[in-house]
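Each chain, written out:
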Amino acid sequence: VLTALIDSPRDAVLVPMPQYPIYSALLSLLNGKMLGYHMDEERDWALDVSALEDQVALARDQGLRPRAVVVINPGNPVGNVLTQENMNEIAHFCKKEGLIVLADEVYQENIYGEKPFV
């Protein structure tokens, strides 16, 4: 999917921090830009949409073209599970900004704790 999205050094993808390094490596290989966004540790590693908004605005100010948001759920390496509400916020944000959601759900069978995987 990334090879279809990145066709210019101005193309960028938002990636959660901390992150599994495959995303930074692939974006570097494809000559794209990685825009790191930080998960909200105080909210049990939720994805704070305001962090996405800040990164998109900053990238556009720098002449970059944000193309997608990587959402790792359950999170790697922190093991967080996003709530349905948080997933809805992310989907609405991506629709508003014209961004593709890259849903990395490879660890969906490795859930520990009380939160359900959605």
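Use the structure listed above.
So, how was this worked out
- Residues numbered from 1 in each chain as written.
- Predicted model: local features only at pLDDT ≥ 70, side-chain atom pairs only at ≥ 80, totals over all residues.
- Heavy atoms only, no water.
- Core = buried A, V, L, I, M, F, W, Y, C linked by side-chain atoms within 4.5 Å.
- Buried < 20%, exposed > 50% of the residue type's maximum accessible area, 1.4 Å probe, protein only.
- Helix = DSSP H or I, 4+ residues; strand = E, 2+ residues; numbered from the N terminus.
- Contact = heavy atoms within 4.5 Å.
- Salt bridge = Lys/Arg side-chain N within 4 Å of Asp/Glu carboxyl O.

**Some thoughts on the nonpolar core**
Working step 1: The biggest cluster of nonpolar side chains holds 19 residues, and the ones touching the most others in it are L14, Y37, L47 and V69.
Working step 2: Residue assignment for this core shows that the elements contributing at least two residues are strand 1 (11–17), strand 2 (33–38), helix 3 (49–61), strand 3 (65–72) and helix 4 (84–97).
Working step 3: Considering each element in turn, this core owes the most residues, five residues, to helix 3.
Working step 4: When neighbours within four sequence positions are excluded, Y37 is seen to be in contact with L14, V15, P16, M17, L47, A51, L52, Q55, V69, V70 and V71.

**Observations regarding unusual backbone geometry**
The phi torsion of most residues other than glycine is negative, and most of the peptide bonds are trans.
Working step 1: You will see that N31, though not glycine, has its phi angle at about 70°, which is positive.
Working step 2: Tracing the sequence through the fold places N31 in the loop between helix 2 (22–29) and strand 2.

**Brief notes about the side chain of D40**
Working step 1: By the secondary structure assignment, D40 is in the loop between strand 2 and helix 3.
Working step 2: Residue D40 is classed as buried on the basis of its relative accessible area, which comes to 18%.
Working step 3: In this structure D40 touches W45, A46 and D48, once residues within four positions along its chain are discounted.

**Quick notes on the pattern of salt bridges**
Working step 1: As enumerated under the stated definition, the model contains five salt bridges in all.
Working step 2: Among the ionic pairs, R65 bridges to D11, the shortest N-O distance being 2.5 Å. Of this pair, R65 sits in strand 3 while D11 is found in strand 1, placing the two residues 54 residues apart along the sequence.
Working step 3: Overall, the relative accessible area of 30% leaves R65 in the partly exposed class.
Working step 4: Here K96 makes a salt bridge to E53, at a shortest N to O gap of 3.9 Å. Separated by 43 residues along the polypeptide, K96 in helix 4 and E53 in helix 3 bring together distant segments of the chain.
Working step 5: On the basis of relative accessibility, which here comes to 37%, the residue E53 falls in the partly exposed class.
Working step 6: Among the ionic contacts, a cluster of salt bridges with common partners joins E53, R60, K96 and E97.

Such coordinate-based values are descriptive only and should not be taken to indicate function.
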